[in-house]
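This is what each chain is made of:
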Amino acid sequence: MDYVARTWENIDWVTLILVGCLLCYTLTKYLYPKRFQEFVLLPITNKYFLVLGKGNEIKHPFNILLFIPQVLLVSLFFYLFLKVKQGGDFENPLLLFVQICTGYAVFVLSKFMIEKLIGTIFNFETLSNRYLYQKLSYRNLLTVLFFIGNLLFYYVVEPSAIALLIFIGIIALLNGITLFYSYKTNRTVIFNQLFYFILYLCALEISPYIILYKVFV
């Protein structure tokens, strides 16, 4: 078996972030064992939404604890993507990572607030809260894949632009499946508000990601 020599760099700060995310998951499981158990079973059953997950619990500490690793892990992956795309190290990698974290957090939270505002203005706040909660929960779960992906690309295999794009494609596909499931679950209400739903879909679910794609690719 042939082994590929890999050039190692000082990524102590990456290790600390990954360990911090793991501790965050461990703390969440320790503080909310029942909720966490139902959460990890989301790909199999929607009992989490029926029993524990409520649309008005978006600000629950459980969700906040899971959102922190989401910001860190997604930002860490896109830092790696930018590094591979550039073809070398950055002058101040930690500063760039902080900037990516800040940008990602502002993007997600701003989008969330706009979606909440639209739900209030057009009088479908209950549907909006339920949908946002489902989307947040699924994306927090998908973040586990980013944790695994970061471990592989930083410590096991040499990352390439193609490999990273394939990984992004898989995440995008899984995210699309979760969105489809949410739309299917709320199809009755969606059909009653079809015009506003299409407007929302184009303005807040498609356009922002097209912009991000143009920025990073």
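See the structure above.
So, a few notes on the structure that sits alongside this text. (Residues numbered from 1 in each chain as written. Predicted model: local features only at pLDDT ≥ 70, side-chain atom pairs only at ≥ 80, totals over all residues. Heavy atoms only, no water.)

So, on to the environment of Leu 65. Inspection of the secondary structure assignment puts Leu 65 in helix α4 (residues 61-86). Residues Leu 65 and Leu 27 lie 38 residues apart in sequence; the distance between their C-alpha atoms is 8.3 Å. Every residue in contact with Leu 65, bar those within four places of it in the chain, is listed here: Cys 24, Leu 27, Thr 28, Leu 31 and Tyr 32. (Helix = DSSP H or I, 4+ residues; strand = E, 2+ residues; numbered from the N terminus. Contact = heavy atoms within 4.5 Å.)

For the rest of this paragraph, the subject is the pattern of salt bridges. For the coordinates displayed, the defined rule picks out three salt bridges. Note that Glu 115 and Lys 111 form a salt bridge whose closest N and O atoms lie 2.9 Å from each other. On the criterion of helical spacing, the pair formed by Glu 115 and Lys 111 is a turn pair, its members being four residues apart in helix α5 (residues 93-121). Per residue, the accessibility class of Glu 115 equals that of Lys 111, and both read buried. Through salt bridges with shared partners, a single network forms among Lys 111, Glu 115 and Lys 135. (Salt bridge = Lys/Arg side-chain N within 4 Å of Asp/Glu carboxyl O. Buried < 20%, exposed > 50% of the residue type's maximum accessible area, 1.4 Å probe, protein only.)

Here Glu 115 falls in the buried class, since its relative accessible area comes to 4%. Here Lys 111 takes part through its side chain, which lies 2.9 Å from a polar atom of the side chain of Glu 115. Side chain to side chain, Glu 115 and Lys 135 meet in a polar contact 2.9 Å long. (Polar contact = N/O pair within 3.5 Å; in protein donor to acceptor, adjacent residues only side chain to side chain.)

The next point concerns the packing of aromatic side chains. Summed over all chains, the structure comprises 16 aromatic pairs. Seen in terms of ring centroids, Tyr 25 and Phe 147 are 6.4 Å apart; in terms of plane orientation they differ by 90 degrees. Their pairing is edge-to-face. Pair noted here: Tyr 25 is in helix α1 (residues 12-31) and Phe 147 is in helix α6 (residues 125-155), with a separation of 122 residues, a long-range link. Per residue, the accessibility class of Tyr 25 equals that of Phe 147, and both read buried. Here the aromatic rings of Tyr 48 and Tyr 133 are separated by 6.1 Å at their centres, their planes lie at 15 degrees, and the arrangement is stacked. Here Tyr 133 lies in helix α6 and Tyr 48 lies in helix α3 (residues 47-52), a separation of 85 residues in the sequence. The rings of Tyr 32, Phe 36, Phe 39, Tyr 48, Phe 62 and Tyr 133 are connected pair by pair, giving a single aromatic cluster. (Phe/Tyr/Trp six-rings, centres within 6.5 Å; stacked < 30°, edge-to-face > 60°.)

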